[in-house]
Structure formats: structure tokens, C-alpha cells
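# Reading the structure
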Amino acid sequence: MRAGGIPVPGPAGTIANPQGGEAPDLRLAGLAVAAWLTALAGLHLSAGRTLLVAAVAAGLAGLAALHLLRVAGSPGAVARRYGWIAVAVLIGVVCGGAATSARLAVRDAEPLRALVGEGARVTAELVVRDDPRPIRGGIVGRPPTLLVRTKLVTVTGPAGQQVTTPARVLVLASDPAWRGLLPGQRLTAEGRLAEPRGGDLTGAVLLAVGPPDRHGSPSALQRAAGRLRAGLQQACAPLPDEPGGLLPGLVVGDTSQLPDTVEEDFRATGMTHLNAVSGSNVAIIVGAVLLVARWARAGPGLAAGLCGLALVGFVILVRPSPSVIRAATMGAIGLAALAAGRPRAAVPALAAAVAVLVVVDPDLAGDAGFALSVLATGGLLLLAPGWRDGLRRRGVPPGAAEALAVPAAAQLACSPVIAGLSGTVSLVAVPANLLAVPAIAPATVLGVLAATVSPVWPSGAELATWLAHWPAWWLVLVARYGARLPAGNLPWPGGVSGALLLAALTVVLLVAARRPVVRRLVAVLTVAVMLGTVPVRVVAPGWPPKGWVIAVCAVGQGDTVVLPVAAGRAVVVDAGPDPAAADACLRRLDVRRVPLLVVSHFHVDHTGGVAGVFRGRRVDTVLTPQWPEPAIGRDLVHTTAASHGTPVVAAPAGWRYQAGGADLVVIGPPYPMRGTRSDPNNNSLVLRGTVAGVRVLLAGDAETEEQQALREHLSPDGLRADVLKVAHHGSAYQDPAFLDAIRPVVALVPVGAGNTYGHPNEAVLARLSRGGARVLRTDTDGDVAVVLGPSGLAVVSGGVDLSRTKP
């Protein structure tokens with residue numbers, strides 16, 4: 001939208017063409033990009049090398065500037081213009097290199113490095129820089145590990161030596177007393193120093209022991225922000241868990257109450273940016289103020305002043321953490337462009353914001369959130385206006401053109417970074433974000449209103465959050481159903497190489513697509529590539545394969561085995577380590593109801609994903625072993641089942657289940673196994689059964705001792721099976737006679753790629769192969785299934801028939 005003829009982002013992400021049909025002003029772009037890339041490279045180098053790069057660039061910039069000044073009056077204006085661009089790039093290298101080398105000198109200070117290298121136990125005086133954040137995926141039943149970003153004041157080593165340096169320290173703490181800390185809080189903590197991961201300005205990691213010793217209190221500003229945030233949390237407490245946990249994330253970036261399932265859906269649909277305070281939050285708040293200012297016919301200067309006050313208030317609300325300062329700085333520079341009344345100043349303002357932020361805090365150069373924020377804003381400024389105008393020329397209504405151009409431009413600009421981070425290219429991100437657009441602004445504005453009035457009018461805050469939870473609920477639904485679409489994310493090379501490859505392809509397509517013939521060719525090729533890369537099941541349903549009798553999913557280092565009972569129903573044996581992977585496995589197999597969930601034993605690689613099995617589907621009964629250890633996994637299973645009203649049965653040997661074409665019986669352990677190498681593993685439930693007449697044996701994580709006991713208690717024919725789920729990810733702890741007695745035609749090995757346990761054991765796989773079994777493993781074959789057809793058994797991976805084998 002426009003206010004006083006000045007382009008600014010609107011409250012719902014609307015755009016205006018900052019160039020007014022002219023070429024964008026990119027004179028500062030070279031300086032900003034050079035400063036950014038130099039700082040990013042410097043984070044992986046030493047201070048000396050980075051400073052050397054800056055010094056060389058400074059010399060070259062000086063020589064180039066002198067040459068351009070000498071030839072100022074001569075012909076060749078175009079050459080001189082490009083010459084000054086080169087000078088700007090070199091100046092950017094100087095700024096980025098000098099700022100980064102100064103910070104690296106602090107990070108790599110020798111006294112601190114010596115303590116870190118020793119892994120010394122120290123006492124550190126610290127200042128909190130950001131809110132403590134729980135690390136997701138911790139061990140159930142234990143306090144979550146908190147990640148606290150701090151600045152070091154002094155550190156005292158084991159011999160009493162003191163080191164005073166303003167290095168950044170990352171604290172990992174499990175004591176609940178760390179949870180309530182506010183930025184600016186000064187404290188003393190004890191713990192052991194460890195090496196940081198590198199690639200940023202963190203000088204050390206402190207593994208904290210016990211609670212922190214606080215000194216004084218945070219600033220009044222931080223305390224005020226804490227009261228407002230607490231008021232928002234309290235106002236959201238009566239709401240349903242999903243929208244109530246999402247709303248604080250939308251408003252202030254507080255995801256502490258966000259359910260894991262919602263977070264996973266947002267990640268799968270490319271909507272995670274909504275839960276981080278960024279320029280979009282600033283745009284919404286500033287845009288709402290600008291609407292009022294435009295209605296009151298305020299001039300650009302007054303409008304900028306009002307927006308500045310709103311910006312300061314918003315920063316107070318969300319706390320001035322580094323990420324918030326980043327977003328606010330971009331907003332402030334944009335407001336300066338607004339006050340100056342220069343329509344073409346939007347792109348230079350973005351470039352200036354990047355350069356200033358990277359120089360002030362070089363750590364941002366390696367921050368994925370910073371990259372996504374800058375790229376999304378650049379996409380809105382450089383791509384969206386032209387796309388919107390092109391759609392209008394083709395008869396698309398203005399509102400629809402704007403709504404289509406905004407998410408498409410932002411997603412295209414961010415795709416290289418997202419692909420590098422996730423190793424996937426999302427096909428659902430653009431439509432999901434398009435559907436989300438109408439709900440973002442009302443949810444954010446109402447949430448800010450609720451937080452603002454919460455200290456003085458709690459009931460009014462609850463009313464505002466109740467109104468805001470309806471658009472928040474819409475966002476939850478968009479993410480939920482978008483995440484369930486098959487082939488929503490296509491595989492792509494990960495890492496820097498994958499990001500650069502997609503970036504190069506994107507630039508080539510943007511340049512080439514200026515020609516109508518090329519645009520048509522690109523459209524045809526895009527459709528062809530999508531039809532060729534989308535899994536077979538999307539175009540011609542092939543997964544789950546017809547006639548499947550057992551499937552083993554690739555869920556990482558863990559087990560998830562599925563046995564069909566009827567259309568949309570299946571018995572699930574083990575849940576793997578991750579809820580998202582377990583849920584995705586069952587969605588791929590179109591399992592909508594689980595009449596029986598079997599937990600072979602309580603290790604986390606079999607129980608960690610139990611919430612994913614329950615997610616969006618009914619589970620009738622949970623079957624567990626009688627052995628109660630480890631307690632963490634047992635408590636997770638029992639708690640999850642209880643929360644869904646599902647009964648839990650501890651199965652003895654001989655317990656039987658029959659439904660549809662499936663007949664399963666528990667054959668092990670024949671008695672409690674004690675004093676073994678691993679009692680939980682050797683008390684795994686071992687299941688024997690038939691599915692559509694095919695005999696299967698699911699060995700859990702049974703090791704040598706339980707396998708020998710089974711062989712001794714059962715007749716030789718009692719172990720015979722066509723399909724074997726190999727025990728314990730194919731580990732070396734197998735009884736050869738047990739494997740020989742089974743004589744499987746197909747052996748399925750659920751195992752995680754690159755695991756550190758040496759799974760699967762090559763000798764075990766070789767023995768199975770010599771016995772005539774076709775061996776499939778999920779780390780190399782992905783999802784695998786055994787199907788029964790007219791000519792016997794076949795093995796299928798991801799919808800592709802790999803081979804046939806004897807019945």
C-alpha cells in the first residue's frame with residue numbers, strides 16, 4: 001500500500017513498486033553483499049587471515065578510487081560507473097573483514113582458548129543476551145536442556161586464574177532455575193567448558209552445573225517486556241492447545257508452549273518463519289499504524305514518527321534480543337526512506353540495513369534467519385511488483401494478483417537457503433503461505449493488543465486472544481493439511497552446494513523467463529520434472545503397493561513396522577525415534593486407524609515417535625512388554641496412551657491378536673531375562689504371525705540370549721518364517737542357529753544411515769544372504785515392503801519393484 005505516495009509493506013504483506021517502473025537502485029547492493037560474504041567467510045577463518053583480506057581490499061579500493069578520480073573528465077561514463085561499483089564492493093570487503101576480525105580476536109583470545117582446550121571446570125560471570133530456549137527432542141521424563149546465549153564478563157579457572165574478555169558463551173543447562181532468566185540479567189554459573197561447533201562468534205560452550213547465582217535484576221525495560229509477555233501467555237491459557245500455543249509465537253516469537261506436532265507441520269509447509277520475530281511482524285504493526293495515519297491524512301514525516309513510536313513499543317514487547325534488533329533495524333531504515341519521501345529508496349535501505357547489521361554483529365552473516373529475512377524482503381522489493389503488474393495485465397484482479405505475487409516472490413527468494421538447510425524443495429510452501437496470508441495480520445494485531453492491555457485489563461486481553469485464536473486456528477489447519485499432502489517436499493542436494501545450485505538455476509530462470517517463448521518452455525519443463533520426480537504414488541498410486549503384507553519405514557535409527565489389517569487400518573510395531581517420521585510413515589501407507597500398537601521394548605529408538613502414531617488417527621490398544629525398563633520410554637508410552645484414552649496391555653508369551661488377514665502371537669521372551677548384556681533388549685516382545693498367509697517373524701531388539709531361549713523353547717518349525725524383521729538393526733548380537741532356523745526368504749533391516757553403532761553387521765547380512773534371503777535395509781533402500789502377488793513374494797521400495805523372490 002502507499003501512504004503519502006511512499007511505498008511501504010502493508011499489514012498483510014501487501015507491496016508497492018518501489019521503482020515506479022524504473023530499474024531498481026542497486027548501487028549499495030554490491031557493498032552489502034560483499035560485507036555479508038566477507039563476514040561469513042571470516043567466521044570460518046582466523047582473525048589474522050580475515051584482517052589480511054580486509055587490508056588487501058582496502059589497498060585495491062584506494063587504487064581504484066584514485067584511478068577513477070584521475071579519469072573523471074574523460075569519456076567512458078559506463079566504465080566509470082562499473083568502476084565505482086567495484087570500489088563499493090571492495091569497501092564492503094573492508095568493512096566486513098575489519099569488523100569480523102575484531103570480533104574473532106575476542107573469540108579466539110588465547111587465555112580462554114586454553115581453558116576450553118583443557119575442558120576446565122570454571123566459575124563464569126555472564127550477562128544473558130537472549131531468552132533461554134528449551135532444546136526440543138530431549139529425554140522424556142527429564143528436565144529439558146535449556147540453551148542460553150550469554151556474554152562473558154570474567155571466567156575463573158581451576159587454579160584461580162581469571163580471564164576477562166567479552167566473548168560470547170553458549171550455556172547448556174538443565175536446572176529449572178535457568179528458565180526464567182531475562183536478557184540483561186547478570187549472573188554467576190559453574191560448569192565445564194567445551195569446544196563450540198565453530199562457524200560463529202561463540203568462544204566457548206559452558207555445560208552448567210546447578211542453578212545460576214543472580215546479581216541484581218534486569219533493566220526496567222526488560223522487566224516491562226517480561227510482564228507483557230507473561231500477560232499474553234496467561235491470556236492464551238484458556239485457549240485450545242494448538243492455537244493457544246501458536247499465538248505467542250506469531251506475536252512475540254515465544255514458542256515455549258507450541259505443540260511439537262504444530263511445529264512439525266509448520267516446518268513441512270514452509271511456514272516456520274511465522275514463529276520468529278522478523279521484518280514481517282514489523283511490517284504488520286507499522287502497516288496498521290500507517291492505515292490510521294493515512295486515514296487521518298498525515299504527511300510522510302508525521303507518519304514516520306508515529307510508526308517509529310509503534311516500532312519502539314513493539315521492540316519493548318518482544319524484548320530487544322539480537323533477532324528483534326535485526327528486524328527493527330530494517331524497519332527503522334525503511335522508515336527513514338519513508339520520511340525522506342524517496343520512492344526508489346527501498347532497495348538501498350535494505351542494502352544499508354544489511355551492511356550496518358553485519359558490521360555491528362558479524363555473527364548475523366552465518367545466521368539462517370537473517371538470510372531468510374533479507375532474501376524474503378529482497379524478493380518482495382525486486383520480484384513481487386513486476387509479477388503483480390504482469391498478473392494485472394493478464395486480467396487478474398488487483399487483490400488476487402497481490403496475494404499471489406507476495407508469497408511466490410518471498411518463497412522463490414528463500415528457496416536456495418531452505419533447500420540447503422533441509423535438503424528438500426517444497427511444493428506446498430507457496431500455496432500454504434498464500435492461504436495463510438489473510439490470517440497473519442489479524443492474529444498478530446489482536447495478539448499485540450492483548451499483550452498491551454494485559455497488565456491493566458486481563459479480561460480484555462482474554463477477549464482479544466479469543467478473537468485472535470480463530471485466525472491462528474486457520475493457520476494450524478493450513479499447516480496440518482498441507483503437511484499431509486503426498487510428495488509435498490521433493491529431495492534436493494543439501495548443504496552449500498545444493499543452495500548454490502538452486503540459486504544459480506533460479507537466477508538463470510529469472511533472466512531467461514523475460515522471453516515469452518522461454519516462459520512457456522520453462523512451464524512445460526517444470527511440469528515434466530514434477531511429474532517425473534513426484535513419487536509414483538502421486539501420479540499412479542503405487543505406495544502402499546497392492547498386495548502388501550508388511551512394510552518397514554525409513555525412520556532413522558529405529559524401528560517402525562506396519563502390518564495391514566484392512567483398508568486404512570494396520571498394526572504398527574514400534575514407533576521409531578521421531579514423531580514426525582512415524583506419522584509420515586503411516587501417512588505414506590494411508591493408515592488412518594491403528595487397532596494395535598505394539599511396543600517391543602522401551603528404548604527411545606522404538607518409543608520416541610509414539611506421539612506420531614497417535615497423531616490424527618485412533619489407536620485402539622497399546623501392547624507393551626512386561627519388562628518395565630527403561631522407565632523413560634515406559635512413561636512416554638503410558639503418558640501418551642493415557643492422554644488419548646487408549647488402554648495399555650503388558651503382554652505375556654502366548655498373547656494373541658487376530659483381525660482381518662492378520663494373526664499375531666507373542667512368542668518371546670519365554671520367561672523374564674535377567675543379567676544379560678542388555679535386559680531391555682532381551683525382554684523385547686518377539687511376534688510370530690501370518691498376514692494373508694505369509695509367515696512373518698518380528699524379532700524386536702532380541703539379542704543372543706533371548707534368541708537362544710526362543711530356539712530352546714520352540715520347535716524348529718515354530719521359528720520358520722517367510723519374512724524376518726532382523727533383530728536390533730542387524731547388530732552383531734545374533735544367534736546363528738536362530739537365523740538358520742528361521743530360513744527367511746526376505747530379511748528386512750530397519751537401520752539409520754551413518755549410525756555410530758556399526759549397524760548392520762556385515763557378517764550377519766552375509767549369513768542371511770547365504771541362507772537364500774533377499775536382504776533390504778532402510779538406510780540404503782528407504783521404505784521397503786513385501787507384497788504377495790500371483791507369482792509369489794516381491795520386494796518393493798518406495799513404489800519401485802526391486803525384485804521377485806520365491807514364495
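Throughout what follows, the structure given in this document is the object of discussion.

Analysis parameters
Residues numbered from 1 in each chain as written. Predicted model: local features only at pLDDT ≥ 70, side-chain atom pairs only at ≥ 80, totals over all residues. Heavy atoms only, no water. Helix = DSSP H or I, 4+ residues; strand = E, 2+ residues; numbered from the N terminus. Buried < 20%, exposed > 50% of the residue type's maximum accessible area, 1.4 Å probe, protein only. Contact = heavy atoms within 4.5 Å. Core = buried A, V, L, I, M, F, W, Y, C linked by side-chain atoms within 4.5 Å. Salt bridge = Lys/Arg side-chain N within 4 Å of Asp/Glu carboxyl O. Pairing = 2+ DSSP bridges. Axes fitted to C-alpha atoms, helices over the stretch in contact; angles between N-to-C directions. Expected span 1.5 Å × (residues − 1). Arc of directions from axis to C-beta. Right-handed = clockwise from strand over helix to strand, strands pointing away. Disulfide = S-S within 2.5 Å. Polar contact = N/O pair within 3.5 Å; in protein donor to acceptor, adjacent residues only side chain to side chain. Patch = residues over 30% accessible without salt bridge, like charges linked within 9 Å, V, L, I, M, F, W, Y side chains within 5 Å. Areas by Shrake-Rupley, 256 points an atom, 1.4 Å probe, with all protein chains shown as cover.

## Overview of the overall build of the protein
When its secondary structure is counted, the protein shows 29 helices and 29 strands. When each of the 807 residues of the protein is scored for burial, the buried share is 51%. For the protein, contacts bridging at least 24 residues in sequence account for 70% of all contacts bridging at least 6.

## What about the nonpolar core?
Core analysis: the biggest nonpolar cluster contains 49 residues, and L246, L247, L250, F266, M271, L317 and L475 have the highest contact counts within it. Within the residue set of this core, elements represented by two or more residues are α5 (220–236), α6 (241–252), α7 (260–268), α8 (279–295), α9 (300–318), α15 (429–453) and α16 (458–483). Here this core takes 10 residues from α15, the largest share from any one element. Setting aside chain neighbours within four positions, we find F266 in contact with L246, M271, T272, L274, N275, L475, V476 and A479. Core analysis: the second largest hydrophobic core is formed by 32 residues, L687, V694, L748 and L776 among them.

## Points about the pattern of salt bridges
Per the counting criterion, the structure on display carries 27 salt bridges. With a shortest N-O distance of 2.5 Å, R480 and E242 are connected by a salt bridge. Here E242 lies in helix α6 and R480 lies in helix α16, a separation of 238 residues in the sequence. Since its relative accessible area comes to 17%, R480 is described here as buried. Between R656 and D663 there is a salt bridge, and its shortest N-O distance comes to 2.8 Å. One salt-bridge network, held together by shared partners, links D265, D583, R587, R615 and R617.

## Some details on the environment of S497
Following the sequence through the fold, S497 ends up in helix α17 (residues 495–512). A relative accessible area of 52% means that S497 is categorised as exposed. The sequence separation of S497 and G420 amounts to 77 residues, and the corresponding C-alpha distance is 7.5 Å.

## As for the pairing of strand β28 (residues 792–797)
Counting buried residues along β28, six of its six residues qualify, which places the element largely inside the surrounding structure. Where strand β27 (residues 784–789) folds back onto β28 in an antiparallel hairpin, the turn is made up of two residues.

## A short note on the sheet that holds strand β24 (residues 723–725)
Spatially, β20-β21-β22-β23-β24-β25-β26 is the arrangement adopted by the seven strands of the open sheet, whose pairing is mixed. Looking at which strands have only one partner, the edges of the open sheet turn out to be β20 (656–659) and β26 (774–777). Neighbour-to-neighbour, the strand axes of this sheet turn through a mean angle of 15°, independent of strand direction. Where β20 lies against strand β21 (residues 662–668), four bridges are found, and the strand directions are antiparallel. Within β21, the position partnered with Y657 by the bridge is L664.

## With respect to α17
Taking 1.5 Å per residue, 18 residues should reach 26 Å; α17 reaches 26 Å between its end C-alpha atoms and fits that length. Where α17 is concerned, the buried positions are G498, A499, L502 and T506. Considered in projection along α17, the buried side chains sweep an arc of 95° and stay on one side of the axis. Exposed residues lying more than 90 degrees from the buried face of α17 are V496, S497, L500, V507, V508 and V511.

## Section: unusual backbone geometry
Along the chain, G668 connects to P669 via a cis peptide bond; the corresponding omega equals 5°. Mapping P669 onto the fold places it in the loop between β21 and α24 (679–682). With an omega of -10°, the peptide bond between H759 and P760 qualifies as cis. By the secondary structure assignment, P760 is in the loop between β25 (746–749) and α28 (762–770). Positive phi outside glycine occurs at D590, with the angle close to 60°. You can see D590 is positioned in the loop between α20 (579–588) and β15 (593–594). Here A692, not a glycine, exhibits a phi torsion of approximately 55°, which is positive. Here A692 shows up in the loop between β22 (686–691) and β23 (694–698). Under the relative-accessibility criterion, A692 is labelled partly exposed at 49%.

## Structural notes on the pairing of β26
Sheet analysis places β25 next to β26, joined by four bridges and oriented parallel. Across the sheet, A747 pairs through a bridge with V775, a residue of β26. This β-α-β element, β25 to α28 to β26, shows right-handed connectivity.

## Section: the state of the cysteines
Inspection of every chain in the model, using the stated rule, returns one disulfide. The disulfide that involves C553 links it to C585, with 2.0 Å between the sulfurs. In this structure, the disulfide formed by C553 and C585 twists by about 65° around the S-S bond and is classed as right-handed. Residue C553 is located in the loop between β12 (548–552) and β13 (561–566), and its partner C585 is located in helix α20; the two are separated by 32 residues in the primary sequence. Judged on exposure class, the residue C553 and its partner C585 are both buried.

## Remarks on the environment of V665
Structurally, the position occupied by V665 is in strand β21. Note: C-alpha distance between V665 and A653 (12 residues apart in sequence) is 8.0 Å. Apart from the residues lying within four places of it in its own chain, the contact partners of V665 are G654, W655, R656, V686, L687 and R688.

## Structural notes on the side chain of S454
With respect to the helices and strands, the residue S454 is situated in the loop between α15 and α16. Polar side-chain contacts of S454 include one of 2.8 Å to the backbone oxygen of A451. Here S454 is in contact with L228, G231, L232 and A461, once residues within four sequence places are set aside.

## Topic: the side chain of D361
Inspection of the secondary structure puts D361 in the loop between α11 (346–360) and α12 (368–382). Residue D361 is classed as buried on the basis of its relative accessible area, which comes to 12%. At 2.9 Å, the side chain of D361 and the side chain of R168 are in polar contact.

## Description of a nonpolar patch on the surface
On the surface, L52, V56, L60 and L63 cluster together into a nonpolar patch covering about 400 Å² of accessible area. Mapped onto the elements, L52 comes out in helix α2 (residues 47–70). In this structure L52 comes out as exposed when scored by relative accessible area, which is 54%.

## Looking at α20
For α20, a buried count of seven out of 10 residues is recorded, marking the element as mostly surrounded by other parts of the structure. Among the residues making up α20, those that are buried are P579, A581, A582, D583, A584, C585 and L586. Structurally, α20 contributes buried residues whose contacts are with α7, β13, β14 (569–573), β15 and α22 (610–614). Two residues or fewer past α20, D590 is found with a positive phi of approximately 60°.

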